[in-house]
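For reference, the chains in residue letters:
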Amino acid sequence: MAAIWNFPTRIVFGLGESQRTGEEAASLGIQRALLVTDTGVVSAGLTDGVLTSLSRSGIKVHTFAGVDSNPTEQNIEDGANAYAAHRADGVIALGGGSPIDAAKLIALRARTDRPFEELDDAVGGGRYVPSDVPPLVALPTTAGTGSEVGRSGVLTLRSSHRKTVIFSPHLLAKVAILDPELTRSMPPRTTAATGFDALTHCIESYLARGDHPMADAIALSGIDLIAKHLPLAVTDGNNLEARGAMMKAAMMGAVAFQKGLGACHSLAHPLSSECGLHHGLANALCLPAVLRFNQRGAIERVLHVGLLVGADAREGACAEAVLAFRTELGLPAGLRAVGVDPSLLPRLADLAFEDACHRENPVPCTRDDLLGLYQAAL
């Protein structure tokens, strides 16, 4: 039986609930949908049931699967052209964070051709996002980004090769359908990496500067769910209770980070755009170093996080516990292990300093601080 929550997106959670995609899309007035996904989701057969559901509701669908693992400006332009050619009036997003982010930005492109540089959240570009962005239904097939309930889309700009965040409540999906069955086929390493993305969202939002008690409470609950259920989801992909708990935690992380993120995300974004690392893996490789760095600015909160992930109350124990958790999940030992050349670090540090996420970090970061964090993550 489905559980339905509104926060503010309508969230439908339950086994098999992806079968009601057509019903939910039709309720939004969608008659011609662009299904945005990627080739991996298509080859896994995950589009079949969604397409059947949409057809059953009389919705004409065109599938666009041209989304890279780190969405590019070209991906968005190609998707917007497909949307226009299909004469679509709504978007269905099926996949991990990349297709869902791309779907939001494709929908945005249907209403504005303003350059993404001007829409960048770092320069207040959200004020240019129109209020009539076409309706979006989002179905995650991973449990990491939580993009299905987030109000941002991330892409790599052609002009600067920099990952850029477009942020506006007008980008929120109208409906998110969380069906644990859709995550069953995720391999262990992808499960671990996406799960670490959710963990990083929860931890960084809890540690972020500012006062947001609702976000803090949601973040702490998300950390607790991940600590208890991610190892089970990695070792037994058919454990649908663990899969469902991770989908909830990913959603909670994305709700919580409306408060802000931190230095780990600023480090992770260039590792994806410049080195091709999976975003969740990049976060996993940098998070222990960032936790050590943040101790002096948020020691009580870092200790609180540590208790949830199995650490004792010693200073430094939280970073040690997160590192041990990463090892338990079978993820690599550091940036060198995934082929990041140390000679790239100065360039990566320049890009990380330009990234807006570290502005909410509990300890202010200079460019040299970020370089030192990269070195500590090697």
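Parameters at a glance
Residue positions within a chain follow its written sequence, with the count starting from 1. pLDDT decides what is reported in this predicted model: residues at 70 or higher carry local features, side-chain atom pairs at 80 or more are listed and counted, and totals for whole chains, interfaces and linings draw on all residues regardless. The basis for every side-chain value is the complete set of non-hydrogen atoms in the structure, without hydrogens or water. Geometry is summarised by axes, namely lines fitted to C-alpha atoms with helices restricted to the contacting stretch, and by angles between N-to-C directions that run from 0 to 180 degrees. The helix count covers DSSP runs of H or I at least four residues long, the strand count covers runs of E at least two residues long, and both are numbered beginning at the N terminus. Angle categories: roughly parallel below 35 degrees, roughly antiparallel above 145, roughly perpendicular from 65 to 115, and oblique for all the rest. Note on convention: near helix rotated counterclockwise from far helix by under a right angle means a left-handed crossing. Clockwise means right-handed. The criterion used for residue contact is that any of the two residues' heavy atoms lie within 4.5 Å. For this classification, Asp, Glu, Lys and Arg are treated as charged, while Ala, Val, Leu, Ile, Met, Phe, Trp, Tyr, Cys and Pro are nonpolar and the rest, including Gly, are polar. We define a nonpolar core as any set of buried Ala, Val, Leu, Ile, Met, Phe, Trp, Tyr and Cys residues linked to one another through side-chain atoms lying within 4.5 Å. Note on exposure labels: buried denotes an accessible area under 20% of the residue type's maximum, exposed denotes more than 50%, and partly exposed covers the range between, all computed with a 1.4 Å probe on protein chains only. Only a pair of cysteine sulfur atoms within 2.5 Å counts as a disulfide in this structure description.

1. Focus on the packing of helix α14 (residues 345–354) against helix α15 (residues 367–377)
Now for step 1: As a packed pair, α14 and α15 sit with axes 8 Å apart at the nearest point and diverge in direction by 130°. Relative to α15, the element α14 lies oblique. The handedness of the crossing between α14 and α15 is right-handed. Residues Leu345, Pro346, Leu348, Ala349, Asp350, Ala352 and Phe353 of α14 form the contact with α15, whose own contacting residues are Arg367, Leu370, Leu371, Tyr374 and Gln375.
Now for step 2: Split by residue class, the contact of α14 with α15 holds nine nonpolar, one polar and two charged.

2. Examining the nonpolar core
Now for step 1: Grouped together as the largest cluster of nonpolar side chains are 79 residues, with contacts concentrated most on Phe196, Ile226, Leu271 and Tyr374.
Now for step 2: In contact with Ile226, not counting residues within four places along its chain, are Gly195, Ala198, Leu199, Cys202, Pro231, Met246, Ala249 and Phe325.
Now for step 3: Of all hydrophobic cores here, the second largest spans 28 residues; its members include Phe64, Tyr83, Phe116 and Leu119.

3. Comments concerning the environment of Leu94
Now for step 1: Assignment of secondary structure puts Leu94 in strand β5 (residues 90–95).
Now for step 2: The class of Leu94 is buried, set by a relative accessible area of 0%.
Now for step 3: When the C-alpha positions of Leu94 and Leu46 are compared, they lie 8.3 Å apart, and in sequence the two are 48 residues distant.

4. As for the state of the cysteines
Now for step 1: By the definition in use, this model includes zero disulfides.
Now for step 2: Here Cys286 stays free of any disulfide, with the sulfur of Cys264 as its closest cysteine sulfur at 5.3 Å.
Now for step 3: Of the residues examined, Cys286 reaches a relative accessible area of 1% and is grouped as buried.

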